[in-house]
Amino acid sequence: MSLRLHDSLTRRLRPFEPVEPGRVRMYTCGPTVYDRAHVGNFRAFMWEDLLRRYLGFKGYEVCQVMNLTDVDDRTIAAAAARGVPLADVTDPVIEMFLEDWETLGLEEPEHRPRATRFVEGMIRLVEILSERGLTYESEGSVYFAIERSPGYGRLAGIDSAGLAAAGRAAGDEEYDKDDPRDFVLWKGGDRGADGAVAVWDSPWGPGRPGWHLECSAMAMHHLGETLDIHTGGVDNLFPHHTNEIAQSEGATGKKFSEFWLHAEHLLVEGRKMSKSLGNCFTIPELVGRGHAPSAIRYLLLSGHYRAQLNFTFDGLEAAAKAVNRLYEFRNRLREAGEAKTAASTDLGEVAARALAAFEAAMDDDLNVSEALSAVFGLVREANHLLDRAHPRAPSGAEAALATIDAFDRVFGVLAVRDRESSGGDGELVAWATARVGERERARTNRDFARADAIRAELEARGVIVEDLAEYTRLRMGGRSIQVPRPLRATR
Ligand code: AMP
Ligand code: ZN
């Protein structure tokens, strides 16, 4: 069976074949590390994890690069607002991001480049584009001239009339461009407060790289001139990915990526996420409300990536039940396998059918709903057979167990669920995070006696509490967890 994926550039489902047989080169736009990633960001990262794992399931060796955007307008604004060096903002946010990554059981990409470590390569890319006559310089900044880039805007399906309007939305208005549609490659550093926190020398004077340039440079550095798959959320289609294509193809004259995949956004309780609605939940906030990471993981994975996903608290409860059903089922298979009490060889056949249905569904542009229904079909049928099991009858439990394990190599929910089993580290983390939330509420209400009592309760279980400016750090065993502090009215 062969995998088909939806390519945003051609707007079609196409059979997937990597350029180099057996090896997939994949680039994933990573987080902008100005603030802790929210559950919406993790919808995108989780689906990319699913894609990566499924490619592994299909037998490909995957080389995934996920950058960390640690210099851009937002990170600079955050550092300038606090009057601190850029790294004082980005380092702790990266630490929190990696913690959440681990909590949710995502696989580590092969490379995680930080933009600030690749500025030299970015400058080189601007030089190449300049040598090819695709840029112009104005007051220390360098711009990409899109009229010299045939096919510009194709990814986003925007014609030149649409681009005139879109160009204004791209955030470069304050710069001195020949054409409002052009985008900045190198931002002259003597502008505004920027210079104080992020400046590099360049042939055009001091400045810093544009966001789009960063991804082109890091992707080509690690993966070569043509990638197999480039992913991101739908908001990246324009201008970010559109400009990545213009820069990369402008520099190499080659196709930048064979496939462009984009995930739709996550909504919370049916509404767009926004700071003003207070629904930009972070992972520790959800865990602090008592939700298991395995349930969060399951819910984020359970909708098709090209449809919006509605994240609800009812959905989280249902997700926890689904994960537990699978978990109990796997326990039952393990026991049946050991006792050799399974019903008949039918169980092996049922498992083989389920695995084939799972693969057919995932091959169809990662149709997770169908794939999950194949898995739960196996749970239902196998439970039924096991209910009727005859002691000492031949067992098919091992085959069913192998199927559940194969499924979980792709979905990764049981691996996270295992950590949460009673007494495990996961349970302590969830409990401690919830207690810190309670302590924060007590502090907000100026009930310091209660806050102290909670700290003592945490320490009694070996959890050390440290209050830092932006968050509370918990140390337990060899681990350190950062719990963000809710914004108070006075701040
Ligand atoms: P950012 O940190 O803003 O650069 O975003 C990191 C990733 O999260 C990008 O791939 C975005 O497309 C994605 N993203 C941002 N908001 C959402 C959302 N509400 N739902 C799904 N993905 C999102
Ligand atoms: Zn990017």
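All figures in this text were calculated on a predicted structure; none of them were measured in a lab.

(A) The coordination of the zinc ion (ligand 2), seen in detail. Bound to the zinc ion (ligand 2) are the protein donor atoms Cys29 (SG), Cys215 (SG) and His240 (NE2), situated 2.0 to 2.2 Å from the metal. Each donor residue of the zinc ion (ligand 2) belongs to the same chain, and together they define the spacing C-x185-C-x24-H. Remark: His240 occurs in helix H8 (residues 237-252) and Cys29 occurs in the loop between strand E3 (23-28) and helix H1 (39-57); sequence separation between them is 211 residues. As far as the burial class goes, Cys29 and His240 line up, both buried.

(B) A look at the site of ligand 1. Within the structure, ligand 1 sits among 17 residues, and Thr32, Gly40, Gly233, Asp235 and Leu266 are positioned closest to it. In this structure, a nitrogen atom belonging to ligand 1 sits 3.0 Å away from a main-chain N or O atom of Gly40. Within the side chain of Arg74, a nitrogen or oxygen atom sits 3.1 Å from an oxygen atom of ligand 1. Relative to its unbound accessible surface of 490 Å², ligand 1 loses 90% to contact with the protein. Residue assignment for the shell around ligand 1 shows that the elements contributing at least two residues are H1 and strand E9 (227-233). Residue contributions to the shell around ligand 1 peak at 4 residues, all from H1. Class assignment of the residues belonging to the shell around ligand 1 gives a composition of 5 nonpolar, 9 polar and 3 charged.

(C) How the structure looks around the sheet that holds strand E4 (residues 61-66). With parallel pairing, 4 strands are arranged side by side in an open sheet as E4-E3-E9-E10. Every other strand in the sheet has two partners, leaving E4 and strand E10 (257-263) as the edge strands with one partner each. Between one strand axis and the next, the sheet turns through 20° on average, direction left out of account. Summarising the sheet, E9 and E10 pair through 6 bridges and their orientation is parallel. Its bridge partner lying in E10, Gly233 is registered against Ala263. Strands in contact with helix H7 (residues 211-223) are E3, E4 and E9; relative to E3, the strand with the most contacts, it is inclined by about 160°.

(D) Broad picture of the side chain of Asp100. For Asp100, the location among the structural elements is in helix H3 (residues 86-103). Overall, Asp100 belongs to the buried group, its relative accessible area being 2%. A polar contact is formed between the side chain of Asp100 and the side chain of Arg36, at a distance of 2.7 Å. Every residue in contact with Asp100, bar those within four places of it in the chain, is listed here: Arg36, Ala37, Phe42, Ile283 and Pro284.

(E) Geometry of the pattern of salt bridges. Using the criterion set out here, one finds 38 salt bridges in the structure. The salt bridge partner of Arg53 is Asp49, with a shortest N-O separation of 2.8 Å. Of this pair, Arg53 and Asp49 both sit in helix H1, separated by 4 residues, roughly a single helical turn. The same class applies to Arg53 and to Asp49, which are both buried. A salt bridge links Arg330 to Asp418; its shortest N-O distance comes to 2.5 Å. Residue Arg330 is located in helix H11 (residues 313-339), and its partner Asp418 is located in helix H15 (residues 413-420); the two are separated by 88 residues in the primary sequence. Through salt bridges that share partners, Asp49, Arg52, Arg53, Glu107, Glu110 and Arg297 make up one connected network.

(F) Seen up close, the packing of aromatic side chains. Considering all chains together, one arrives at 20 aromatic pairs under this definition. For the ring pair Phe281 and Phe313, a centre distance of 5.4 Å and an interplane angle of 85° mean the geometry is edge-to-face. Taken together, the residues Phe281 in the loop between strand E12 (271-272) and helix H9 (283-288) and Phe313 in helix H11 connect sequence positions 32 residues apart. Comparing Phe281 with Phe313 shows no difference in burial state: the two are buried. Seen in terms of ring centroids, Phe407 and Phe411 are 4.8 Å apart; in terms of plane orientation they differ by 25°. Their pairing is stacked. On the criterion of helical spacing, the pair formed by Phe407 and Phe411 is a turn pair, its members being 4 residues apart in helix H14 (residues 397-411). As far as the burial class goes, Phe407 and Phe411 line up, both buried.

(G) Layout of the nonpolar core. Counting residues in each nonpolar core, the largest one holds 86 residues, and the members touching the most others are Phe42, Leu55, Ile229, Leu300, Met362 and Phe411. Both domains that furnish three or more residues to this core are identified here as domain 1 (18-263) and domain 2 (271-420). The residues touching Met362, leaving out its near neighbours within four places in the chain, are Leu3, Leu50, Tyr54, Asn367, Val368, Ala371, Val410 and Phe411. Formed by 45 residues, the second largest nonpolar core is a distinct cluster that contains Val119, Phe183, Leu223 and Ala251.

Reading the values: the criteria
- Residues numbered from 1 in each chain as written.
- Chains lettered and ligands numbered in written order.
- Predicted model: local features only at pLDDT ≥ 70, side-chain atom pairs only at ≥ 80, totals over all residues.
- Heavy atoms only, no water.
- Donors = N, O, S within 2.8 Å, 3.2 Å for Na, K, Ca; no water.
- Helix = DSSP H or I, 4+ residues; strand = E, 2+ residues; numbered from the N terminus.
- Buried < 20%, exposed > 50% of the residue type's maximum accessible area, 1.4 Å probe, protein only.
- Near = heavy atom within 4 Å.
- Polar contact = N/O pair within 3.5 Å; in protein donor to acceptor, adjacent residues only side chain to side chain.
- Areas by Shrake-Rupley, 256 points an atom, 1.4 Å probe, with all protein chains shown as cover.
- Nonpolar A, V, L, I, M, F, W, Y, C, P; charged D, E, K, R; others polar.
- Pairing = 2+ DSSP bridges.
- Axes fitted to C-alpha atoms, helices over the stretch in contact; angles between N-to-C directions.
- Contact = heavy atoms within 4.5 Å.
- Salt bridge = Lys/Arg side-chain N within 4 Å of Asp/Glu carboxyl O.
- Phe/Tyr/Trp six-rings, centres within 6.5 Å; stacked < 30°, edge-to-face > 60°.
- Core = buried A, V, L, I, M, F, W, Y, C linked by side-chain atoms within 4.5 Å.
- Domains from an automatic or database assignment.

These results come straight from atomic positions and should not be treated as a statement about function.
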